Amino acid sequence: MLTDPKQMISPCVVNILNSVVQALQVEPTRRFIYVEMAFFSRWWHQQTKTMQEVVKELVQQGRLEFANGGWVMNDEATTHYGAIVDQMTLGLCFLKDTFGEDGHPHVAWHIDPFGHSREQASLFAQMGFDGIFLGRVDYQDKYMREQAREMEQVWRGSASLQPPAADLFISVLPNNYDPPSGLCWDIRCHNPPVVEDLGSPNYNADRVVAHFLNVAADQARHYRTNNIIMTMGSDFHYKQAQNWFENLDKLIRLVNAQQANGSQIHVLYSTPACYLRELNKANLSWSVKQDDFFPYAYVPHKFWTGFFSSRPALKRYERLSYNFLQVCNQLEAVTGPVANAGPYGVGDSTPLREAMAVLQHHDAVSGTSRQHVADDYARRLAAGWGSCEVLLSNALARLTGSKESFSFCRELNVSVCPVSQTAARFQVIVYNPLARQVDWMLRLPVSKGNFLVLDPSGQTVPSEHTRAVFDTHTGLLKEIENRDKKLVLPIRQAFFWYKASKNSGVYIFAPEKLNPLPVSLSAETHLVKTALVQEVHQKFSPWCSQVVRLYPGQRHLELEWTVGPIPPGTGFGKEVISRFDTMLETHGRFYTDSNGREILERRRDYRPTWNLNQTEPVAGNYYPVNSRIYITDGNIQLTVLTDRSQGGSSLSDGSLELMVHRRLWSVDGYGVGEQLLEPGKNLKGLWVRGRHLVLLDTTQAAAVGHRLLAEKEVLAPQVVLAPSGGAPWSHQGNRRRTTRTPLDTRSPSTPLWLSLPVFSALRRELPPAVRLLTLARWGRRTLLLRLEHQFAVGEDTDGNLSSPVTLYLRNLFSTFTITRLKETTLAANQPRDRASRLQWTPNTDPALHTPTSSLDSTAMAITLQPMEIRTFLASVRWKRLQSRQVVHLRAGAPSTMGWVNHCLSILLLLLQTRAIKMPPTSPR
């Protein structure tokens, strides 16, 4: 379990690293690996120059080696792929900046996450890793692997990318990540030290050697080559490293001495990277895995599927923070250094970037920490938001030429925004971080009164594409219609709860009975219907309610649920789900995303690579849902998108369920040692609000809808408010150019909203198949740019969104010109043309060749294949921003520019009190 890094750096990490560095200097054959840079970097910056030079020499000699190298060892079930890439980039680039090529990790080390995702394998392969070591795999899976000698194989991380681009060699460790039984010499262990003195009553050298040889022979039976790996360490070990190393020195010498007696076992200090190189030399062909490692059970009846939904508020805050960080990164990149030092002070994206990276830890966003640690994660995110808000304010002042009292309204989810609730007149700035135009409905809490809303075009969005019907007797949703496709689906949606058994805990989901209980058989309802929105408000109980919402032009149904505080049961917990029941014939199949990216088929009570003995028909069929889950009968598809990671399943044909909240009075006994109660502000329990977006479409066309909607959900527009009356402001470097041009007719007192309704950082939209994954400052004149194809092969059979896309980048952006592109691996720590990986031979394919991606450096043209991500360091030349020289349009007047530039854009609106009736704003 991860504790607070600031607290941990003193008593634990400092002791471990100080002790290890000292022990490594004693004997040059000793080796040690380190994994998480969030801790190592803190320790590093506290060291003297002399100590840093010692460590650099150890790294250069290969005696201290880094594995994985991310900021943390991230969770694989509840993390979004964009956040994984960000945290790995942060850690790997720290290593490159600190140690150069000597610090470059060659293997991924994911020995503690509770199950493993296929997308994680794809990302690691694209980062250039030779392989990955896994600790936790399902006990049945591991047994079958041991019998078949398939503890090591090739993992195909993508069904779209051409092999071996996303292929990753995997090695499953024999003891999770612990030492072999009886061979642990840490101060936390109870095994006696190795005693060689024959005259000592504690002499045990012969017995220790014999035991080790037996362990080695037993382990070798499950692996295919002459090399095996043994981990010697565990959680919080090596605070007294010399104790470990002295016993290992003795063991190695004594075991190797047995070669004189005919032993064929040779023992040495090594590292995971060295081990993989030896395996690769064996030149074997390996079996291929194409699914993932979910769900994970350690023993029968103990499925680690509860954490998919644990701490839902923290999971939502993490997802919102990812959204906000990308906005922060983009505006920092678009405006240049002025965003970091401007009229609002010093703005910095680093605190939020580091806080988000820590949140990806397998005991953070997973929800598997103690309450005070979870609270600390939230505090770190909040502090990071503060630094980014300053940065955004500086950037907005730079782009608009006006200094306003910007407000970011962090509590819109509970209908709190002081500016909109108190000001009679205020501006709304909306920044769209997507590289394409989106339609998006803005909701703000206001005081009593009527408001006139003026926008740049004065247009409304016509028509309805979706229709929802409710049962007049029960108040429940009973039918959804896609009017464009003339599809009608009878459906019943309601809330249920599982009674938690004593085995349920922060990690484990173990319901006492197979069938959940309804929160209520009916719902109290009332209807809100205006020209802007139609809402059905449902109340299922005092602690469970929902608003079903449709906006004009919207092709999906929005279900905004509010659950909590979950009332306590008598000695048991409750695990609350939202369930959708239809008559679709799905034959036990359903589909979930992998870290928000590619889609995997799931089958009830089934595993693709072994014969499953199902011990938990509910928990054993739960899977992580990072962004969407769907069912289909081959013709009609029902997709539900989430706003955070949740656990989900289809436990009967035609049914989908997602766990939205859980409150438990039991402890599952896997390390946290604390009940999952989440007291909330009033100490009576946490209430949580979230959204499910429901899409009905044909199976053939559904991917287009859920791909683009998921993108818009993850990178939603950022809203900034300001009261009217800001003062003009110009950056010092531009002051000589602030005189008004003939186009600039506003007086010094003219408000901002009248002069600059739209700003766009892009000269043209990117195609819908392409997502701007990353745009961030990298250096003084360098930006980090990632572009991805967000469709899989064959997903869009009606159109061409699954086809390769060619982009021209040189003049794509409006505030800078790209002068040079250098392509890198996914984590931006290696030039792509110099990166090389060990090549493994699958037993299912002909000879594979690493695919190459072309870059036309003259035209700055790149081509993206389906599901491909390409990463570049872009040298840029900044343009002098002439905010006074744009065409100034009064909000509401027709725009000759149209809406083509409404991507990576800032849109300004004015709200002022008027006698126009608006519907009340319900809590969001």
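The rules behind the values
- Residues numbered from 1 in each chain as written.
- Predicted model: local features only at pLDDT ≥ 70, side-chain atom pairs only at ≥ 80, totals over all residues.
- Heavy atoms only, no water.
- Disulfide = S-S within 2.5 Å.
- Buried < 20%, exposed > 50% of the residue type's maximum accessible area, 1.4 Å probe, protein only.
- Helix = DSSP H or I, 4+ residues; strand = E, 2+ residues; numbered from the N terminus.
- Expected span 1.5 Å × (residues − 1).
- Polar contact = N/O pair within 3.5 Å; in protein donor to acceptor, adjacent residues only side chain to side chain.
- Contact = heavy atoms within 4.5 Å.
- Pairing = 2+ DSSP bridges.
- Core = buried A, V, L, I, M, F, W, Y, C linked by side-chain atoms within 4.5 Å.

## A few points about the state of the cysteines
Inspection of the entire model under this criterion finds 3 disulfides. Across a sulfur-sulfur distance of 1.8 Å, Cys-184 and Cys-189 are joined as a disulfide pair. Cys-189 carries the same exposure label as Cys-184, and that label is buried. The disulfide that involves Cys-328 links it to Cys-388, with 2.2 Å between the sulfurs. Since a negative S-S torsion denotes a left-handed disulfide, the Cys-328-Cys-388 link at about -90° is left-handed.

## Topic: helix H12 (residues 371–400)
Along its 30 residues, H12 runs 43 Å from first to last C-alpha, staying within 8% of the 44 Å computed at 1.5 Å per residue. Judged by how many residues are buried, H12 sits mostly within the fold: 22 of 30 residues are covered.

## Concerning the side chain of Arg-311
Tracing the sequence through the fold places Arg-311 in the loop between strand E8 (288–289) and helix H10 (312–335). A polar contact is formed between the side chain of Arg-311 and the backbone oxygen of Gly-367, at a distance of 3.3 Å. Once you skip the residues sitting within four places of it in the chain, Arg-311 turns out to touch Gly-367, Ser-369, Arg-370, Gln-371, Ala-374, Glu-674, Leu-676 and Glu-678.

## Here's the deal with the sheet that holds strand E36 (residues 805–808)
The strand order across the open sheet built from 3 strands is E36-E40-E39, with neighbouring strands paired in antiparallel fashion. This sheet does not close on itself; its edge strands, each paired only once, are E36 and strand E39 (855–856). Here E39 pairs with strand E40 (residues 861–864) via 2 bridges, running antiparallel. Each bridged residue has a counterpart across the sheet, and for Leu-855 the counterpart in E40 is Ile-862.

## Points about the nonpolar core
Ranked by size, the top nonpolar core spans 167 residues in total, and within it Phe-40, Tyr-238, Leu-775, Leu-787, Leu-809 and Ile-818 carry the most contacts. Top contributing element to this core by residue count: H12, with 11 residues. Ignoring any residue separated from it by four or fewer positions in sequence, one finds Phe-40 in contact with Leu-17, Tyr-34, Val-55, Phe-66, Phe-94 and Phe-99. Phe-307, Ala-500, Tyr-507 and Leu-696 belong to the second largest nonpolar core, which has 40 residues in total.

## So, the pairing of strand E31 (residues 718–723)
Burial analysis of E31 places 5 of its 6 residues in the buried class, the great majority of the element. In this sheet, E31 lies alongside strand E12 (residues 425–432) in antiparallel orientation, the contact comprising 6 bridges. Within the sheet, the bridge partner assigned to Phe-426 lies in E31 and is Pro-723.

## Quick notes on unusual backbone geometry
Cis peptide bonds are those with omega within 30 degrees of zero, and the linkage from Pro-163 to Pro-164 qualifies with 5°. By secondary structure assignment, the location of Pro-164 is in the loop between strand E5 (152–156) and strand E6 (167–172). A positive phi is found at Asp-605, a non-glycine position, where the angle reads about 55°. Turning to its location among the elements, Asp-605 is positioned in the loop between strand E24 (599–603) and strand E25 (623–625). Taking relative accessible area as the criterion, Asp-605 reaches 40% and is therefore assigned partly exposed.

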